[in-house]
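Fold and geometry: a report
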Amino acid sequence: MAPLNFVLVGVGGQGAILASDILTEVGIQAGYDAKKAEVHGMAQRGGSVITHIRWGEKVYSPLIGKGEAHFLLALEKLEAIRYIEYLRPGGIAIVNDQAIPPVAVNIGAASYPDDERIKSTLGKVAEKVFFIPALRKAEEIGDPRVVNVILLGALSSFLDVPEETWQKVIERRVPQRYLELNLRAFKEGRKLA
């Protein structure tokens, strides 16, 4: 089996690293060799975060070349178009319908693209683009910090891995006091896809 490639992107503080840790461990539990690499430079200050995750029979490197990702999972809309070059033609983009304007936009030096431009840009590469109202759903279930797990739930509906495997990994990765909330977020994400 050729490796299955995922690029997960977001803004610092959105939980992209936890989501990538869960996705990597799910791959291992599903019987794959799984590797991960992350770049999060100024992420603690709201900067960009990108994570490469690969599952396969044997994965030699975690890095994914441009045009090789089967899935682009974006916790923020602008980050989706910033990293669209990693998605292979015909790939799937799952995007949180949330805008977190970068500093350049906030000071008036740049403008944030409208939804039509974002969808058009993604649609030039992706076979399917799913805009998920993950922030709204997270707020409805009680905590905006579970956006990342909602998006993992949406992604899980495209992968041949039992739901129980995802749940067990979430149980290991999430602090006990937030477990019930995160398991509910995961189930909501599966419905939204």
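What this report covers is the structure whose coordinates are included nearby. (Residues numbered from 1 in each chain as written. Predicted model: local features only at pLDDT ≥ 70, side-chain atom pairs only at ≥ 80, totals over all residues. Heavy atoms only, no water.)

**Focus on the overall build of the protein chain**
Filter applied, for reference: Put simply, DSSP H or I for four residues or longer makes a helix, DSSP E for two residues or longer makes a strand, and each gets a number counted from the N terminus. With the radius of gyration taken over C-alpha atoms, the globule rule is written as 2.2 Å times the number of residues to the power 0.38. Relative accessibility decides the category of a residue: with a 1.4 Å probe and only protein chains considered, values under 20% of the type maximum give buried, values over 50% give exposed, and everything between is partly exposed. Contacts between residues were defined by any pair of non-hydrogen atoms, one from each residue, lying within 4.5 Å. Surface accessibility follows the Shrake-Rupley procedure with a 1.4 Å probe radius. Residue values consider only the protein chains on display as shielding. A residue counts as positive if it is Lys or Arg and as negative if it is Asp or Glu; His and the chain ends are not included. A single reference atom marks each charge: NZ on Lys, CZ on Arg, CG on Asp, CD on Glu.
The number of helices and strands found in the protein chain is eight helices and six strands. What you see for the protein chain is a C-alpha radius of gyration of 16 Å, in line with the 16 Å of a compact globule of 193 residues. The principal-axis extent of the C-alpha atoms belonging to the protein chain is close to 45 × 40 × 30 Å. For the protein chain, the residues scored as buried account for 51% of the 193 residues in total. Relative to all contacts within the protein chain whose residues are 6 or more apart in sequence, the contacts with residues 24 or more apart total 63%. Accessible surface, the protein chain: about 9300 Å² in total, of which carbon and sulfur atoms supply 49%. One finds the centroid of the 24 positive side-chain charges in the protein chain at a distance of 2 Å from the centroid of its 23 negative side-chain charges.

**Some thoughts on the sheet that holds strand 5 (residues 87-96)**
The test is simple: The pairing criterion for strands is at least two bridges between them, as found by DSSP. A fitted line through C-alpha atoms serves as each axis, taken over the contacting stretch for helices, and the angle formed by two N-to-C directions is quoted from 0 to 180°.
The strand order across the open sheet built from six strands is 2-3-1-4-5-6, with neighbouring strands paired in mixed fashion. The open sheet has two edge strands, strand 2 (33-39) and strand 6 (128-132), and neither has a second partner. Within this sheet the neighbouring strands show an average axis-to-axis angle of 15°, counted without direction. Here eight bridges tie strand 1 (residues 4-11) to strand 3 (residues 48-56), and the two strands are oriented antiparallel to one another. Directly across from G10, in strand 3, lies its bridge partner V49.

**A look at helix 5 (residues 134-141)**
For the record, the criterion: Directions from the helix axis toward the C-beta atoms define the arc.
Burial in helix 5 covers these residues: A134, K137, A138 and I141. Summarising the axial view, the buried residues of helix 5 lie within an arc of 100°, below the 170-degree limit, and thus occupy one face. The inward-facing, buried residues of helix 5 abut strand 5, strand 6, helix 6 (147-156) and helix 8 (176-192). In the segment just after helix 5, G142 is the residue with positive phi, at about 120°.

**What about the pattern of salt bridges?**
Let me state the cut-off plainly: For this analysis, a salt bridge means a side-chain nitrogen from Lys or Arg found within 4 Å of a carboxyl oxygen belonging to Asp or Glu.
Scanning the entire structure with this criterion turns up 18 salt bridges. We note a salt bridge from D97 to K77, for which the minimum N-O separation is 3.4 Å. Placement of D97 in the loop between strand 5 and helix 3 (103-106) and of K77 in helix 2 (residues 77-82) is noted, with a sequence separation of 20 residues between them. When the shortest N-O distance is used, the salt bridge between R136 and E140 registers 3.0 Å. You can see R136 and its partner E140 sitting in helix 5, four residues apart, about one turn around the helix. For E140, a relative accessible area of 48% corresponds to the partly exposed category. It is possible to trace a salt-bridge network through shared partners that takes in D21, E25, K36, E38, R172 and R173.

**Some words on the packing of helix 7 (residues 163-173) against helix 8**
Convention followed: Roughly parallel means an angle under 35 degrees; roughly antiparallel, over 145; roughly perpendicular, 65 to 115; everything else is oblique. In this scheme, a crossing is called left-handed if the near helix is turned counterclockwise away from the far one by less than a right angle; it is called right-handed if the turn is clockwise. Each residue gets one label: Ala, Val, Leu, Ile, Met, Phe, Trp, Tyr, Cys and Pro are nonpolar, Asp, Glu, Lys and Arg are charged, and the others, such as Gly, are polar.
Packing of helix 7 against helix 8 leaves a shortest axis separation of 10 Å and a crossing angle of 150°. Taken together, the axes of helix 7 and helix 8 lie roughly antiparallel to each other. The element helix 7 and its partner helix 8 pack so that their crossing is right-handed. In this structure, helix 7 contributes E163, W166, Q167, I170 and E171 to the contact, and helix 8 contributes L179, N182, L183, F186, K187 and R190. Grouping the constituent residues of the contact of helix 7 with helix 8 by class yields five nonpolar, two polar and four charged.

**Brief notes about the pairing of strand 4 (residues 69-74)**
As a reminder of what qualifies: Crossover handedness is defined by viewing with both strands directed away from the observer: a clockwise path from the first strand over the helix to the second marks the crossover as right-handed.
A large share of strand 4 lies buried, amounting to five of its six residues. Two strands pair when backbone bridges link them, and strand 4 and strand 5 are joined in this way by five bridges, in the parallel orientation. Each bridged residue has a counterpart across the sheet, and for A69 the counterpart in strand 5 is L87. Taking the sense of rotation as the criterion, the β-α-β connection linking strand 4, helix 2 and strand 5 turns out right-handed.

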